[in-house]
Amino acid sequence: MRPIITAFESSPDRGKGLARDMRVRWALEEVGQPYDVRLVSFRALKAPEHRARNPFGQIPTYEEGGLTLFESGAIVLHIAERHPGLLPGDPDARARAIMWMFAALNSVEPPIFERSLARILERDQPWFEQRLQALDKSIRRYLGDLSRHLGDAEWLDGPFSAGDLLMVTVLRRLEGSGLLEAHPDIAAYVARAEARPAYQRAFAAQLAVFEAASDG
Ligand code: GTB
């Protein structure tokens, strides 16, 4: 059965793959599961039909038979548990890969996401520079710690896993900020993940949505 995911009809990032449907598309591509996409306008996100999929009125969602899921991390975990390729078979290694999924979403993503929101919504506030500095300090700490953890390794813990997939989608939001570029090893880790054919297919698919909307 082909799952259906939801994505922005018109993504504010103009096809840069920063909206959170990207991580779901990428996971589906990694495991070779074809999928359909329901594009949703900002107005439709808040309509009862979509709130039945996600009470918070957001993308992405995932429908598969009678199952409807929201929260990108839960969706990626579901995909990784149902298909080989994104979680190791060994129970301890699997637990560690899931730990990295939580680390990406629960520890590393909050200051990075707050930073991009602040740059859009709080730029005119008198406390903006101070807030930015505090967020940057927190982000630098995580990047330094990640860099030490990675060392010469290719991925966070053994083979590429759903933990790497989520971590990279989180770190990508820093591209061009100077923060990522200050850590060439982490920038190389992100680039390594972006070079994966599954990532390339997912990126091309979400970019095609933006290009089709621009043509029309
Ligand atoms: N915790 C949830 C998850 O991981 O699924 C968060 C979902 C979420 O934030 N969804 C956003 C959304 O639907 C899209 S991804 N927003 C609409 C709304 O709340 O009304 C966040 C996002 C949006 C746009 C960009 N961008 O353009 O760069 C990047 C990320």
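Everything numeric in this text was worked out from a predicted model, so none of it was measured. (Residues numbered from 1 in each chain as written. Predicted model: local features only at pLDDT ≥ 70, side-chain atom pairs only at ≥ 80, totals over all residues. Heavy atoms only, no water.)

Engineer: Honestly, the pairing of strand E3 (residues 61-64) in this entry has me stumped. Any pointers?
Structural biologist: Remark: a regular strand shows side chains that alternate across the two faces of the sheet. Here strand E1 (residues 4-8) pairs with E3 via two bridges, running antiparallel. Paired with isoleucine 4 across the strands is glutamate 63, a residue of E3. As judged from the four bridges shared by E3 and strand E4 (residues 67-70), these two strands associate in the antiparallel manner. Paired with tyrosine 62 across the bridge in E4 is leucine 69. (Pairing = 2+ DSSP bridges. Helix = DSSP H or I, 4+ residues; strand = E, 2+ residues; numbered from the N terminus.)

Engineer: In this structure, what is going on with the packing of helix H1 (residues 21-31) against helix H9 (residues 197-215)? I would like to understand it.
Structural biologist: Helices that pack against each other are described as a pair by the angle of their axes relative to one another and the distance between those axes. At a minimum axis distance of 8 Å, the contact between H1 and H9 shows a crossing angle of 135°. Between H1 and H9, the angle falls in the class oblique. The two elements H1 and H9 meet at a crossing, and its hand is right-handed. For the pair H1 and H9, the contacting residues are Asp21, Met22, Arg25, Trp26, Glu29 and Glu30 in the first and Ala198, Tyr199, Arg201, Ala202, Phe203, Ala205, Gln206 and Val209 in the second. (Axes fitted to C-alpha atoms, helices over the stretch in contact; angles between N-to-C directions. Parallel < 35°, antiparallel > 145°, perpendicular 65-115°, else oblique. Left-handed = near helix turned anticlockwise from the far one by under 90°. Contact = heavy atoms within 4.5 Å.)

Engineer: How should I be thinking about the side chain of glutamate 30 in this particular structure?
Structural biologist: The topology assignment puts glutamate 30 in helix H1. Residue glutamate 30 is classed as buried on the basis of its relative accessible area, which comes to 19%. In this structure the side chain of glutamate 30 is engaged in a polar contact, spanning 2.8 Å, whose partner is the side chain of arginine 196. Setting aside residues up to four positions removed in sequence, glutamate 30 forms contacts with Leu86, Phe160, Leu165, Arg196 and Ala198. (Buried < 20%, exposed > 50% of the residue type's maximum accessible area, 1.4 Å probe, protein only. Polar contact = N/O pair within 3.5 Å; in protein donor to acceptor, adjacent residues only side chain to side chain.)

Engineer: I keep staring at the site of the ligand and nothing clicks. Help me out?
Structural biologist: Looking at the ligand, there are 14 residues lining it, with Arg20, Lys46, Ile59, Glu71 and Ser72 nearest. The separation between an oxygen atom of the ligand and a polar side-chain atom of arginine 20 is 2.5 Å. When its residues are assigned to classes, the shell around the ligand shows seven nonpolar, two polar and five charged. (Near = heavy atom within 4 Å. Nonpolar A, V, L, I, M, F, W, Y, C, P; charged D, E, K, R; others polar.)

Engineer: Would you take a moment to explain the side chain of serine 161 for this structure?
Structural biologist: Counting through the fold element by element, serine 161 comes out in the loop between helix H6 (128-150) and helix H7 (162-171). Here the side chain of serine 161 touches glycine 163 through a polar contact of 2.9 Å, landing on its backbone nitrogen. Residues in contact with serine 161, not counting those within four places in the same chain, are Leu86 and Ala97.

Just geometry here; none of it tells us what the structure is for.
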